[in-house]
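# Structural characterization, general
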Amino acid sequence: MRAHLALGSNLGDRLANLQSALDGLASTDGVEVVAVSGVYETDPVGGPVQDDYLNAVVEVTTALTPHELLAVCGRLEQAAHRVRIERWGPRTLDVDVLLVGDLQVATDDLEVPHPRMWERAFVLAPLHDVAPDLVARPDGGWTGVRRAPVALRLPG
Ligand code: X6L
Ligand code: MG
Ligand code: MG
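Residues numbered from 1 in each chain as written. Chains lettered and ligands numbered in written order. Predicted model: local features only at pLDDT ≥ 70, side-chain atom pairs only at ≥ 80, totals over all residues. Heavy atoms only, no water.

## Description of the layout of surface pockets
- Of the voids in this model, the largest pocket is the one considered here, and its volume is about 1100 Å³.
- Residue lining of the largest pocket: 45 residues in total, with R82, W88, R91, D94 and D96 positioned closest to the centre.
- Secondary structure elements with two or more residues in the lining of the largest pocket: strand 1 (2-9), strand 4 (53-62), helix 2 (66-79), strand 5 (94-100) and helix 3 (121-130).
- In the lining of the largest pocket, the residues fall into 20 nonpolar, eleven polar and 14 charged. (1 Å grid on protein atoms, 1.4 Å probe; cavity = no way out; pocket = protein on both sides within 12 Å on 5 of 7 lines; lining within 4 Å. Points joined across faces, edges and corners; volume = space filled by probe spheres on them. Helix = DSSP H or I, 4+ residues; strand = E, 2+ residues; numbered from the N terminus. Nonpolar A, V, L, I, M, F, W, Y, C, P; charged D, E, K, R; others polar.)

## Overview of the coordination of the magnesium ion (ligand 2)
- For the magnesium ion (ligand 2), the protein coordination sphere consists of D94 (OD) and D96 (OD), at 2.0 Å.
- Separating the magnesium ion (ligand 2) and the magnesium ion (ligand 3) is a distance of 3.7 Å, and D94 donates to both of them.
- Classification of D96 by relative accessible area gives partly exposed; the value is 23%. (Donors = N, O, S within 2.8 Å, 3.2 Å for Na, K, Ca; no water. Buried < 20%, exposed > 50% of the residue type's maximum accessible area, 1.4 Å probe, protein only.)

## Remarks on the coordination of the magnesium ion (ligand 3)
- Protein-derived coordination of the magnesium ion (ligand 3) comes from D94 (OD) and D96 (OD), at a distance range of 2.1 to 2.2 Å.
- Residue D94 is classed as buried on the basis of its relative accessible area, which comes to 14%.

## Regarding the site of ligand 1
- Taken together, T42, D43, P44, V45, G46, Y53, N55, W88, R91, R120 and F122 make up the full set of residues adjacent to ligand 1.
- Here a nitrogen atom of ligand 1 sits 2.8 Å away from a polar atom, N or O, in the side chain of T42.
- Against a free-state accessible area of 570 Å², the protein chains account for coverage of 75% of ligand 1.
- At a threshold of 2 Å from the grid points, most atoms of ligand 1 map onto the largest pocket.
- Residues of the shell around ligand 1, tallied by class, amount to five nonpolar, three polar and three charged. (Near = heavy atom within 4 Å. Polar contact = N/O pair within 3.5 Å; in protein donor to acceptor, adjacent residues only side chain to side chain. Areas by Shrake-Rupley, 256 points an atom, 1.4 Å probe, with all protein chains shown as cover. Sits in = over half its atoms within 2 Å of the grid points.)

## Comments concerning the pairing of strand 1
- With seven of eight residues buried, strand 1 is to be regarded as a mostly interior element.
- As paired elements, strand 1 and strand 4 share eight bridges and run antiparallel to each other. Bridging from a neighbouring strand, R2 pairs with T61 of strand 4.
- Here six bridges tie strand 1 to strand 5, and the two strands are oriented antiparallel to one another. Residue pairing in the sheet places L5 in a bridge with V97 of strand 5. (Pairing = 2+ DSSP bridges.)

So this is what it looks like as structure tokens:
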């Protein structure tokens, strides 16, 4: 199954935190990292006044279920010593499950596709790096688009 995870950090050594998350993912049984986006420096959205984030998206292939992936995300956040003080507050590491193939999950602790991902530039810009073929559908799922191997010629 092709899956996409979002990484974010705005506390401590932000790049080192993202790198540790990527390293941890790559060494997780049942998870293979196949692509990594660029690193984006982004204005904080929501929550208190806080420092800018570094955000990235990772594409993996995995045999894990969405809930097993969620548990991996939690383990990576704990390894980065994430402390939850206030909702939407600064964090050393946030790892969110965005998409798991075309599975749809809606439980108390997990929604896939991530219900707000399509509204967030700090997710969509890096997602486009690794998955330019994915675009949102109004029902919260996604649909595929392909770049055709042709081009229009600039007139004149
Ligand atoms: C009104 C109310 C409008 C709430 C927006 C948006 C809340 C996003 C939370 C919102 C609202 C979030 C990151 C971030 C957060 C991140 C950047 C969240 C959770 N995480 N900003 N803010 N990157 N740039 O990873 O996404 S808090
Ligand atoms: Mg998040
Ligand atoms: Mg999260």
